[in-house]
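Chain by chain, the residues:
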Amino acid sequence: MEILIRSTPDDVAAQAADILAGYAQRGATLGLATGSTPLLTYRELIRRHANEGLSFAYCRAFLLDEYVGLPAAHPQSYAATIRREFTSHVDIPDAQVHSPRGDAPDPLAAALSYEALLAATTVDVQLLGIGGNGHIGFNEPSSSLSSLTRLKTLHPRTIEDNARFFGDEELVPTHVLTQGLGTISRASHLLLLATGESKADAVAAMAEGPLSAQCPASILQLHRHATVVLDEAAAARLRNAEYYRYADTHKPANQDY
Ligand code: GLP
């Protein structure tokens, strides 16, 4: 796992956008994430699209997860969120942006069909945030480390964390469809971003704690190509922060992120 510590959330976004722009230029398959953390990165990619001609026209994109029971047109569905915050502002055609169908009459079948779609695809880079309890996608603590796309019950802490988007905790759906940890691990490159003090414990558990279903993000420890970009606040509880900074400035020649 490569851990890059940057000063501010804006610096995290600039670093993440540098990495993602390289993939976009190759027309890669992008795994996208929702949540507030990647918003600055999306804003920076949109800016590069508008001002520097960065194109996503040949990319395909796959979302990590979706709330069960929300139609794609619901403003808080992740399908609507990713369009509003990112894809509608760049040149990727809508038909090339995929997500699990949260309003399918049979959510289990919707999970299986999304998994089948992903099994026929190689996601070149998967962008990830991290929940305060160490979840990625919506893989809550206790998720099998090799899980596939499935129906999950949200942890009360996640419902509380996400209530800000719905205005009221009661309105947050209790169930979700999420790519599993096994599904996410098939992506060629995992790029996890975390900013702010509220993520510091989860980041320390992910990077320096044991590999454990109690911290689903710890699967990054098993991945061959995982990059973690943190601001100072999110990095505050890492025991080996000084080493990560040193390694970042003493990279072997010709080695890219
Ligand atoms: C949500 C999403 C995750 C996201 C996480 C953190 O529940 N399902 O994909 O990474 O929580 O969100 P935020 O970036 O808003 O803190």
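Predicted, not measured: the structure shown is a model, and the values here were computed from it.

(A) A look at the overall build of the protein chain. When helices and strands are counted, the protein chain shows eight helices and 10 strands. In terms of C-alpha radius of gyration, the protein chain reaches 17 Å, essentially the compact-globule figure of 18 Å for 257 residues. By principal-axis analysis of the C-alpha atoms, the protein chain measures approximately 55 × 40 × 35 Å. Looking at the 257 residues of the protein chain, the share that counts as buried comes to 53%. Look at the contacts in the protein chain between residues 6 or more apart in sequence, and 79% of them connect residues 24 or more apart. Taking the 20 positively charged and 29 negatively charged side chains of the protein chain as two groups, their mean positions are separated by 4 Å.

(B) Expanded view of the pairing of strand β3 (residues 60–63). Sheet topology note: the strand β2 (residues 29–32)/β3 ladder contains four bridges and is parallel. Directly across from L30, in β3, lies its bridge partner A61. Of the crossover connections in this fold, the one passing from β2 over helix α2 (residues 39–52) to the parallel β3 is right-handed.

(C) Examining the sheet that holds strand β8 (residues 175–178) more closely. Reading across from one edge, β4-β8-β7 is the order of the three strands in this open sheet, with antiparallel pairing throughout. Edge positions in the sheet fall to β4 (65–67) and β7 (150–153), since each of these pairs with one other strand and no more. Taking each pair of neighbouring strands and ignoring which way they run, the sheet shows an average axis angle of 30°.

(D) Structural context of the site of the ligand. Around the ligand there are 14 residues in total, and S36, T37, D65, R164 and K199 lie nearest to it. T37 places a polar side-chain atom, nitrogen or oxygen, 2.5 Å from an oxygen atom of the ligand. Here H135 contributes a side-chain N or O atom positioned 3.2 Å from an oxygen atom of the ligand. Calculation on the ligand without its partners gives an accessible area of 390 Å², and the protein chains cover 94% of this total. With three residues, helix α5 (residues 156–166) is the largest single contributor of residues to the shell around the ligand.

(E) The arrangement of the pattern of salt bridges in detail. Under the counting rule described, the total for this entry stands at 15 salt bridges. Notably, a salt bridge pairs E242 with R245, separated by 3.2 Å at the nearest N-O pair. Here E242 and its partner R245 are both found in helix α8 (residues 241–249), three residues apart, which amounts to about one turn of the helix. A cluster of three or more residues bridged by salt bridges with shared partners is formed by D18, E44, R47, R48 and E52.

(F) Examining the packing of aromatic side chains more closely. On inspection of all chains with the given rule, the structure shows seven aromatic pairs. Ring plane angle 85° and centroid distance 5.3 Å describe the contact between Y67 and F166, whose orientation is recorded as edge-to-face. With a gap of 99 residues between them, Y67 in strand β4 and F166 in helix α5 connect regions that are remote in the sequence. Exposure class is identical for Y67 and F166. Each is buried. An aromatic cluster of three or more residues is present, and its members are Y67, Y78, F138 and F166.

Cut-offs used in this document
Residues numbered from 1 in each chain as written. Predicted model: local features only at pLDDT ≥ 70, side-chain atom pairs only at ≥ 80, totals over all residues. Heavy atoms only, no water. Helix = DSSP H or I, 4+ residues; strand = E, 2+ residues; numbered from the N terminus. Rg over C-alpha atoms; globule rule 2.2 N^0.38 Å. Buried < 20%, exposed > 50% of the residue type's maximum accessible area, 1.4 Å probe, protein only. Contact = heavy atoms within 4.5 Å. Lys, Arg positive; Asp, Glu negative; His and termini not counted. Charge placed at Lys NZ, Arg CZ, Asp CG, Glu CD. Pairing = 2+ DSSP bridges. Right-handed = clockwise from strand over helix to strand, strands pointing away. Axes fitted to C-alpha atoms, helices over the stretch in contact; angles between N-to-C directions. Near = heavy atom within 4 Å. Polar contact = N/O pair within 3.5 Å; in protein donor to acceptor, adjacent residues only side chain to side chain. Areas by Shrake-Rupley, 256 points an atom, 1.4 Å probe, with all protein chains shown as cover. Salt bridge = Lys/Arg side-chain N within 4 Å of Asp/Glu carboxyl O. Phe/Tyr/Trp six-rings, centres within 6.5 Å; stacked < 30°, edge-to-face > 60°.

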